[in-house]
Each structure stands twice: as structure tokens, then as C-alpha cells.
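So you can see what is in the structure, the chains are spelled out below.
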Amino acid sequence: MAEINRAIKGTNDMLPADSHKFQFVEGKMLDIASLYGFREIRVPVFEHTEVFQRSVGDTTDVVQKEMYTFDDKGGRSITLRPELTAGVVRSVIEHGLVNGALPVKVCYVGGCYRYEKPQAGRLREFHQFGVECFGAASPAADAEVISLGLQVLETVGIKNISLEINSIGCPECRKNYHKALSEYFASHIDTLCETCRDRLSRNPMRILDCKSPVCSALAKDAPKVIDFLCDECQNHFDGVKGHLDAAGIKYTVNPQIVRGLDYYTKTVFEFVSGDIGAQSTVCGGGRYDGLVSQMGGPAVSALGFGMGIERLMLALENQNSNFPEAKKCDIYIAPMGDTAAVKATALCTSLRRDGFEAQCDVCGRGLKAQMKYADKIGALYSTVIGDNEIAENKCNIKNMITGEIEEISLDNFSEQFMKIKLDDALSSLEDTII
RNA sequence: GUGGUUGUAGCUUAGUUGGUUAAAGCGCCAGUUUGUGGCACUGGAGACCGUGGGUUCGAAUCCCAUCUACCACCCCA
């Protein structure tokens, strides 16, 4: 197929047959966030490249090799956002949001762009739901954000999801930990795999993530971050666990989880699903107390998470999860002849003004073809309008499920149609109760 | 970026050791005496066999390259 007819590698079209599923999921995300007081924020899909370099971190893979960066016509270096936290932080600083009532709680849904090799649960354009909370240093905030993430996942109907938490400490305790870790792995350098030997100097914490049997065996006995936490970080972590316990939120402490973005401090967490493939993290986040000041804002603590919408959908699909049905056409009007076609347009217009999904023929098809079409789109009701109906000023409304027919006048059409619809809904409700 | 698998109508597939106009089911459109959908029957449209080279008298079929998709590494959501 020609280039012009093919989507860019790693991108997906969301087709009409699936859009209601995304609307359902995204709707739930924003609804639940608002229960926790998080309000939607929308920021641009592109920012100055430095926004991401400064926040995500110059040495991370995301910045080093995955960003879509280009110069615009004014010579500015622009980057398509690889994640949303950086842009949100920039916006919060720019508009002085943290000068208002604290905490500032925001949430978002939007596309992210990363030049990666696509695979299960990994795309070049993907969408994230996320929340960020500014100005809350207490462990209660960590628990609140985690609880919000969990409630979203539960509400959307995902099964077999587990919460893993860890603390990677503040820059102070991490310094000591890095030293201990480097010493430990350096003493086993001969047994480490090739890539981990590189990691030793670059970022020894990454070795903990290695899948090779030798390295993961070594990692098991390696010093753990949580053993190197300073008093403050330890108290904070204990506090988070206490809040989670009290709220009845189950978790496992996983000292291996190390997030790949530089800005994280203290609490880090992931919600993991076994129903996606290798990319099993559906939601990842944590605290980033230093980021706002690092980006030129006031010294406020902050935390948040990002949730991969496509990954979530993938897990739901693999679990054969049920989504609410897409909305169906309320009534299909089948005109016969030119006069009737004009009448059908008028009727549809008024039905739509009254809030019904109404459709009529726009292809000039015969009656039988129209009825077939009404059936295919799952129209709940149909009616045929011809010369007789216009002459007598009335028509038959057919319930497409039961086949029942009721005659109504062409005047006050919407009102009468609404009555039929309500009566039918009521009687089917009675049936299910009895 | 590194591996492995893959590619024939909108979808799912068939295509014999290379041999005429590339099949089928579903879907789509239209009909089965312009007044009612689901069933059935009939007909029709729709494929440069992913793309570009090469081998050959002849390639969907063999070879090379390339692209896409899928899966894994890496990394992350």
C-alpha cells in the first residue's frame, strides 16, 4: 500500500466501532479523579525541548533516544511530549498555581510520543491518563494518589492487578545507596552480563531490573534502597504504608522497582498486570519533591502517576472484559418518494433537537434496503413515511426488537415517540423484575 | 537500536513440483413485481498477491533488498 494510505509506524487509529470503549474508560478516569478533587488540565502536545531535558533527565533513555525533536521555522528546538508531567509542571509554575490554595490537584488525558520500537503494549503515539498533586508533603498524599489510581482501575473493571511500592529515598540517602551498590556489584563484575557491566558505571540501580538469571540472582542479595533511607524518608515510607493499610489497599513492597525518569524521590509505585505481555506496567508514578524548584519554581513537594490507556485497554480486551454498549439509533425514518423524503428530514431535525438520535435515508434507497440498513445500525425503532402517511398525517412506529407497531400522529412527533420509548422501557423493566 | 515471526479483496483464508482471465466464505451493493429489517435465493462491485529489484520463455509461488505488523530484548505507560 502507498505511504499515503498507511499510518505512521507505531500509531493506531481509533475506529468508530471502538470509540465508545475509550470514551467509557476516559470518562471514568476523569470522574474518579474529580471525586478526589483533581481537576482537568490541558497542556500543549509540544514544548521547548529543554522542558523535558531538565525534568525527565538528560541521561535517561527517554530523552537520549526516544524524543521527537525538531526545529520549528523560528529556529526553536521543539519536542513532542514523551510524557505529561514535565509540561504540567511548567504550566503550574508559569501560571503561579502554587501561589493559590494548596494542594493543587490536576489530572489529564492526552497523547504522548516516543520513538520506540513498537511491541505489545508499546506504541510511538500512546495516551496517558495522569494526575499530579502539588504542595502536599505528607504520606497521606501518596496514599491518596495511589488510592485514586486503584479506584480507576477497579471501576474500569480490570482484574488481576497488583500494586508494588518502593522508596528510592531522597538525593541524600540515594548517594549512600549508590555507593554501596556500586561496591557490591564491582566485587562481582566478572559474573555480570555484558550490559550490566556498562550499567555499573552509568546507573547501578538498573542492574536490579536485569532479567538475566545471573544478574537477577546477584540482585537478590544486593543492598536494598530501603535499607539506606534516612530517618525522614524511612518515616515517610512507613507513613505511606500505614495509610494504605488503614484504607485496606493491598500492596507488596518491591525493592527492585526503579523508575526510569530522573525526577522521582521517595515513594515510587507501579500497578502491574499479567495480561498484557512484557510491558506489564499499566500505571507508574511516585513522588518528585525536587522537580518544581529544579524547573525554576518554588520549592514545593509534588507527586503523581501516569496510566497507559492503550495498555489498560489491552489488558481489558485480553480479559474479555465487558464494555457498556455503544449508543444506538433511537429511530430510523424510511421515506418513500420525494415528498416523504422532505418530511423525513423535517421530522429528524425536530427529533434531534429533542435529544433523540434519529436517522433517515440520505442515499436515495428503496424501502427494503432502508429497513436492512436500520437493522444493521441497530435502530431501536423505525417508521415508514409515504404518500398515505402524509395524507392521513399519521404513521406506524415499529419496535425493531419486539416487532410491535403503534400508530401515532405526525404532529408533536417527538413527544409521542418519547412516550412510546418510555412505556416500552417501563414494561421491559417490569419483565426483568418479575 | 538488536533479534525472531509475518504480509493474497474491507475481514478470515485457499492457491498443487513456478504455467492461461488469482479462488472461497463473511461483509458491502443491487434484485427476488416501491409498503416494512433479521431467513433464503440470484447477480454485482471489490486484489497492481506489502513495495522495489533479480532469476526465468513465464513468478502470488524461487533469490535479494526494503517497508509494515506481531513478539522479545532494551526502556517505559
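Conventions used here
Residues numbered from 1 in each chain as written. Chains lettered and ligands numbered in written order. Predicted model: local features only at pLDDT ≥ 70, side-chain atom pairs only at ≥ 80, totals over all residues. Heavy atoms only, no water. Helix = DSSP H or I, 4+ residues; strand = E, 2+ residues; numbered from the N terminus. Buried < 20%, exposed > 50% of the residue type's maximum accessible area, 1.4 Å probe, protein only. Patch = residues over 30% accessible without salt bridge, like charges linked within 9 Å, V, L, I, M, F, W, Y side chains within 5 Å. Areas by Shrake-Rupley, 256 points an atom, 1.4 Å probe, with all protein chains shown as cover. Salt bridge = Lys/Arg side-chain N within 4 Å of Asp/Glu carboxyl O. pLDDT = per-residue confidence, 0-100. Pairing = 2+ DSSP bridges.

Draft legend 1. Up close: unusual backbone geometry. Residue P103 is bonded to the preceding L102 through a cis peptide linkage, with omega at 0°. By secondary structure assignment, the location of P103 is in the loop between α4 (85–94) and β5 (104–113). Unusually for a residue other than glycine, N320 sits at a positive phi of about 50°. Looking at where N320 falls in the secondary structure, it is placed in the loop between α11 (309–318) and β12 (331–335). In this structure N320 comes out as exposed when scored by relative accessible area, which is 64%. Phi is positive for N393, which is not a glycine, with a value near 60°.

Draft legend 2. Main features of a nonpolar patch on the surface. A cluster of nonpolar side chains, contributed by V45, F46 and F70, occupies part of the molecular surface with about 260 Å² of accessible area. Judged by its relative accessible area of 35%, F70 falls in the partly exposed class.

Draft legend 3. Quick look at the confidence of the model for chain A. Within chain A, residue pLDDT values average 92, and 96% of them lie at 70 or more. Here the predicted complex carries an ipTM of 0.90, next to a pTM of 0.91.

Draft legend 4. Region of interest: the pairing of strand β11 (residues 302–308). Across the 7 residues that make up β11, a large majority, 7, are buried. Both faces of β11 are covered, namely the face carrying A302, G304, G306 and G308 and the face carrying L303, F305 and M307. Bridge analysis of strand β6 (residues 125–134) against β11 gives 7 bridges, and the strand direction is antiparallel. Within β11, the position partnered with E132 by the bridge is G304. Note that strand β10 (residues 281–287) and β11 share 5 bridges and pair antiparallel. Counted as the bridge partner of R287 is L303 from β11.

Draft legend 5. Structural view of the environment of D424. With respect to the element layout, D424 can be found in helix α15 (residues 413–433). Taking the C-alpha atoms as reference, D424 lies 8.9 Å from N399; in sequence the two are 25 residues apart.

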